[in-house]
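If you want the building blocks of each chain, they are given just below.
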Amino acid sequence: MEILLQNNEFASLNPDQQEWFYWTNLSRQKPRFFFDSVVQPILKTYPELQSGYTTSLKNDLNKAGQLPLILPNKKLLAVAQYHANDLAKHKSSPSHNSTNGQTFQQRMIKNEINRCAAENISYGPLNTVMSLVLLFIDEGLQDLGHRKNLLSPTYIEMGIGIASYPNNLILVVQDFACSQAL
């Protein structure tokens, strides 16, 4: 994680964005530790979250091993923030499509993210750890897409966009990509 602290892009992020990078990377660098020290206490506090999804999450994190560190990407940071602001400005429901109908793939191409990319969206109270754990649990999503994005060794770059909604709610857009360097 020392590399993250020395990264110029990371240093320019606001504290909420930095927190998302920290916890995402901790979950990838130490997946078993993350389950035991972060997910398990949340499941004890909120037993209603216990399900087959949490059982499969434990198995997936135990099998994951140490994954590559994810570093900030300036283009991904801009596109994630723009998408979060767009949805918040229009008070839209969380969506991978922009309010003008532009798809995730179209946004990536327009912003020169030309290879392997994915997106997670979280909506709720400002609580990075809880939001990340809920993305990992992926309750109700048969393909476990959020979890797969978080645990993909291919993704080594990320952008985080955070926008406020009424009633102290926030929308977080987490955009991932493999290395965009040629």
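See above for the structure.
Quantities reported herein were computed from a predicted structural model and do not represent experimental measurements.

Quick question: what am I supposed to make of the pattern of salt bridges here?
Enumeration over the complete set of coordinates arrives at five salt bridges. Of the charged contacts, one joins Asp 60 and Lys 63 as a salt bridge, the two residues approaching to 3.9 Å between their closest N and O atoms. Linking Asp 60 with Lys 63, this pair stays in helix α5 (residues 52-64), spanning three residues, or about one helical turn. Lys 63 gets classed as exposed once you look at its relative accessible area, which sits at 67%. The shortest N-O distance in the salt bridge between Arg 107 and Glu 119 comes to 2.6 Å. Remark: Glu 119 occurs in strand β2 (residues 117-125) and Arg 107 occurs in helix α7 (residues 104-110); sequence separation between them is 12 residues. An identical accessibility class is assigned to Arg 107 and Glu 119; each is buried. The structure contains a network of salt bridges with shared partners spanning Asp 60, Lys 63 and Arg 147.

Which parts of the structure should I look at to understand helix α6 (residues 74-89)?
Think of an α-helix as turning once every 3.6 residues; residues three or four places apart then point the same way. The end-to-end C-alpha distance of α6, which contains 16 residues, comes to 22 Å, matching closely the 22 Å that a straight helix rising 1.5 Å per residue would cover. For α6, the set of buried residues is Leu 76, Leu 77, Val 79, Ala 80, Gln 81, His 83, Ala 84, Asp 86, Leu 87 and Ala 88. For α6, the N-terminal capping position is held by Asn 73, with its side-chain oxygen 2.8 Å away from the main-chain nitrogen of Lys 75.

Explain the layout of surface pockets here, please?
Rolled over the atoms, a probe with the dimensions of a water molecule shows which regions are left empty. Computed from the structure, the largest pocket encloses a volume of approximately 200 Å³. Around the largest pocket, the lining is made up of 14 residues, and of these Ser 122, Tyr 123, Ser 131, Leu 134 and Leu 135 lie nearest the centre. Broken down by element, the residue count for the lining of the largest pocket peaks at five residues, all from β2. Taken together, the residues of the lining of the largest pocket sort by class into seven nonpolar, five polar and two charged.

What counts and how
- Residues numbered from 1 in each chain as written.
- Predicted model: local features only at pLDDT ≥ 70, side-chain atom pairs only at ≥ 80, totals over all residues.
- Heavy atoms only, no water.
- Salt bridge = Lys/Arg side-chain N within 4 Å of Asp/Glu carboxyl O.
- Helix = DSSP H or I, 4+ residues; strand = E, 2+ residues; numbered from the N terminus.
- Buried < 20%, exposed > 50% of the residue type's maximum accessible area, 1.4 Å probe, protein only.
- Expected span 1.5 Å × (residues − 1).
- Polar contact = N/O pair within 3.5 Å; in protein donor to acceptor, adjacent residues only side chain to side chain.
- 1 Å grid on protein atoms, 1.4 Å probe; cavity = no way out; pocket = protein on both sides within 12 Å on 5 of 7 lines; lining within 4 Å.
- Points joined across faces, edges and corners; volume = space filled by probe spheres on them.
- Nonpolar A, V, L, I, M, F, W, Y, C, P; charged D, E, K, R; others polar.

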